[in-house]
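# Fold and contact review
The lines below spell out each chain.
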Amino acid sequence: MKSDKSRYLSNIVKELKPSGIRRFFDLAANMEGVVSLGVGEPDFVTPWSIREASIASLEQGITSYTGNAGLIELRREISYYLKRSFQIEYSPETEIIVTVGGSQALDLALRAIVNPGDEVIIVEPTFVSYAPLVSLAGGVPVPIHTKRENEFKLQPEEIEKVITNRTKAILICSPNNPTGTMLNRHELEAIAKIVEKHDLLVISDEIYAELSYEDQYTSFPSIKGMYDRTILVSGFSKGFAMTGWRLGYAVAPKEISQAMLKIHQYTMMCASTMAQYGAIEALKNGMQDVEHMRKSYRQRRNYFVASLQELGLSCHMPGGAFYAFPSIQSTGLTSEEFAERLLMEEKVAVVPGNVFGESGEGFIRCSYASSLEQLQEAIKRMGQFLNRL
Ligand code: PMP
């Protein structure tokens, strides 16, 4: 006899909606000849020297757990990297935790700071995991809607409008997924002022920091007064093309990072040992490879965004990551209709903007981490689709 198992589930989990991206992947997976601009991951294979370092660790039989916070050699390399790249200083002994992807770093950060009912501000269009992670931590995600006319840049006065006495933190992401928007130092300083005034914490997701194409990258804790208020979340997935390795890190002032470490030691123990050996090599000798990939994405961004404009789809120039976020409002279709018809009629997979929150409606996310040939083919097919509408 079948019985209803939902009574066993937690209320928070019951209320979570499955990610809207998944449905499109599933549709596309069953079709042949699809040009996919859907997935948010590099099209490069991890550079060989990184793979080799990981293989060497296995050959030497290094297969046991590492310390909870990760290998001290890796934490030292992360500390050097943060200092030389962004002029921020964190103690490898007490302020850096190696995690299972940036995803786990986000989860640790939220669970370490959120009490039931605490509000965490998220910026829409938003990475799909933020709101669910806030809810799973027992908090309440509070969205701010950014707009196309501001290139989806967070406006500091919008933060003040949603602050209540339950607001604990704001989660920011620059360069952004899904809009590609990057905030410069000046814009981050304006946010920092509000953060200071209202005694908030900031979770700064800087996983795309290596993939910035215009301005010098500014890491949030490098802004005056913000070291004490920031949990910086990052990882190797994007810049180093290491998505499948599942390796990231969280850094924060000692008291906060030690609180995160308590959760980490009971829930995850430590990140993958062989992956950590690869990451040491990545930070020591991999920066040239990163630069090569960055240049290649920039070239593809320039081609792809210009081509979208030529097709009549207005699109701001994204400052980083590998996403273009064009408006499809001129077509009169909803973003879901547009994405579904483009997939069915022309076999091009993109992600409808509404999966990134209400303010993503009227837009689609296209990942340009695909070969130039694939991008050209996608543009050709999108042109055919638009001509037929
Ligand atoms: N933050 C953002 C904004 C992302 O786009 C992603 C990956 N899509 C992550 C965090 C998590 O990355 P990972 O867990 O692979 O490090």
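This one's a predicted model, so the numbers in the text were calculated from it and none came from an experiment. (Residues numbered from 1 in each chain as written. Predicted model: local features only at pLDDT ≥ 70, side-chain atom pairs only at ≥ 80, totals over all residues.)

### Topic: the overall build of the chain
Helix and strand counts for the chain come out as 13 helices and 12 strands. A compact globule built from 389 residues would reach a C-alpha radius of gyration of about 21 Å, and the chain, at 21 Å, matches this within 12%. Dimensions of the chain, computed from C-alpha atoms along their principal axes, come out at roughly 65 × 60 × 50 Å. Going through the 389 residues of the chain one by one, you find that 48% of them count as buried. (Helix = DSSP H or I, 4+ residues; strand = E, 2+ residues; numbered from the N terminus. Rg over C-alpha atoms; globule rule 2.2 N^0.38 Å. Buried ≥ 20, exposed ≤ 12 C-beta atoms within 10 Å, placed from the backbone.)

### Topic: the site of the ligand
Around the ligand, the structure places 13 residues, and the nearest of them are Gly 101, Gly 102, Ser 103, Gly 235 and Ser 237. For the shell around the ligand, the element with the highest residue contribution is helix α5 (residues 101–113), accounting for three residues. Tallied by class, residues from the shell around the ligand come to three nonpolar, nine polar and one charged. (Near = placed C-beta within 6 Å. Nonpolar A, V, L, I, M, F, W, Y, C, P; charged D, E, K, R; others polar.)

### A word on the nonpolar core
Grouped together as the largest cluster of nonpolar side chains are 113 residues, with contacts concentrated most on Ala 109 and Ala 250. Ranked by the residues each element gives to this core, the list is headed by α5, at seven residues. When we break this core down by domain, the ones giving at least three residues each are domain 1 (5–46 + 288–388) and domain 2 (48–285). (Core = buried A, V, L, I, M, F, W, Y, C linked by C-beta atoms within 7 Å. Domains from an automatic or database assignment.)

### A short note on the domain arrangement of the chain
Along its sequence, the chain is organised into domain 1 (5–46 + 288–388) and domain 2 (48–285). Of note, the centres of domain 1 and domain 2, computed from C-alpha atoms alone, are 24 Å apart. Of the residues lining the interface, 34 residues belong to domain 1; the matching set on domain 2 comes to 35 residues. Taken together, the elements giving at least two residues each to the side of domain 1 that touches domain 2 come down to α11 (287–310) and β9 (323–324). Element by element, the count of residues in the side of domain 1 that touches domain 2 is highest for α11, at six residues. (Contact = placed C-beta atoms within 7 Å.)

### Describing helix α10 (residues 273–285)
Think of an α-helix as turning once every 3.6 residues; residues three or four places apart then point the same way. With 13 residues, α10 extends 19 Å from end C-alpha to end C-alpha; this agrees with the ideal 18 Å at 1.5 Å per step. The set of residues buried in α10 consists of Ala 275, Gln 276, Tyr 277, Gly 278, Ala 279, Ile 280, Glu 281, Ala 282 and Leu 283. For α10, the elements touching its buried residues are α3 (48–59), α4 (72–86) and β2 (96–99). (Expected span 1.5 Å × (residues − 1).)

### Things to note about the environment of Glu 210
Secondary-structure assignment places Glu 210 in the loop between β6 (201–205) and β7 (230–235). A sequence separation of 125 residues divides Glu 210 from Ser 85, and the C-alpha atoms of the two residues are 9.5 Å apart. For Glu 210, the contacting residues outside a window of four places in its chain are Gly 239, Val 290 and Arg 294.

### Describing the UniProt feature "domain: Aminotransferase class I/classII large" (unreviewed entry) in the chain
In the numbering used here, UniProt assigns the "domain: Aminotransferase class I/classII large" (unreviewed entry) feature to residues 33–381. Segment residues 33–381 splits into 40% helix and 14% strand. End C-alpha atoms: 12 Å apart. (UniProt positions renumbered as here; feature names shortened; annotations may be inferred.)

### A few points about the sheet that holds strand β12 (residues 364–367)
If you walk across this open sheet you meet the three strands as β9-β12-β11, and the pairing is antiparallel. Each of the sheet's edge strands pairs with one partner strand only, and the pair in question is β9 and β11 (351–352). (Pairing = 2+ DSSP bridges.)

### What to know about the confidence of the model for the chain
In the predicted model, the chain carries a mean pLDDT of 96, and 99% of its residues have values of at least 70. Model confidence for the complex is summarised by a pTM of 0.97, with the ipTM given as 0.99. (pLDDT = per-residue confidence, 0-100.)

### Re the packing of helix α12 (residues 335–346) against helix α13 (residues 372–388)
As a packed pair, α12 and α13 sit with axes 10 Å apart at the nearest point and diverge in direction by 110 degrees. One way to sum up the angle between α12 and α13 is to call them roughly perpendicular. The residues of α13 that touch α12, namely those facing Leu 342, Glu 345 and Glu 346, are Arg 381, Met 382, Gln 384 and Phe 385. Each residue belonging to the contact of α12 with α13 can be placed in one class, and the counts come to three nonpolar, one polar and three charged. (Axes fitted to C-alpha atoms, helices over the stretch in contact; angles between N-to-C directions. Parallel < 35°, antiparallel > 145°, perpendicular 65-115°, else oblique.)

### A short note on the sheet that holds β2
Here seven strands make up an open sheet; going across it, the order is β2-β8-β7-β6-β5-β3-β4 and the pairing mixed. Edge positions in the sheet fall to β2 and β4 (140–145), since each has one partner strand and no second. When strand polarity is set aside, the average angle formed by the axes of neighbouring strands in this sheet is 20 degrees. Pairing of strand β3 (residues 119–124) with β4, which is carried by six bridges, proceeds in the parallel orientation. Each residue of the ladder has a partner; that of Glu 124, found in β4, is His 145. Running at roughly 115 degrees to β2, α4 makes contact with β2 and β8 (248–251) of the sheet. Along the sheet face, helix α9 (residues 254–267) touches β2, β7 and β8 and points at about 30 degrees away from the line of β2.

### A short note on the pairing of β8
Taking every second residue as pointing to the same face, both faces of β8 are buried, with Gly 248 and Ala 250 on one and Tyr 249 and Val 251 on the other. Here β2 pairs with β8 via four bridges, running antiparallel. Its bridge partner being in β8, Ile 96 is matched across the sheet by Val 251.

### Notes on the environment of Leu 154
Within the fold, Leu 154 resides in the loop between β4 and α7 (156–162). Residue Leu 154 is classed as buried on the basis of its C-beta count, with 24 C-beta atoms lying within 10 Å. Expressed as a C-alpha distance, the spacing of Leu 154 and Arg 7, which sit 147 residues apart in the sequence, is 40 Å. Leave out the neighbours within four places in its chain, and Leu 154 touches Val 123, Ile 144, Thr 146, Ile 172, Leu 183 and Ile 191.

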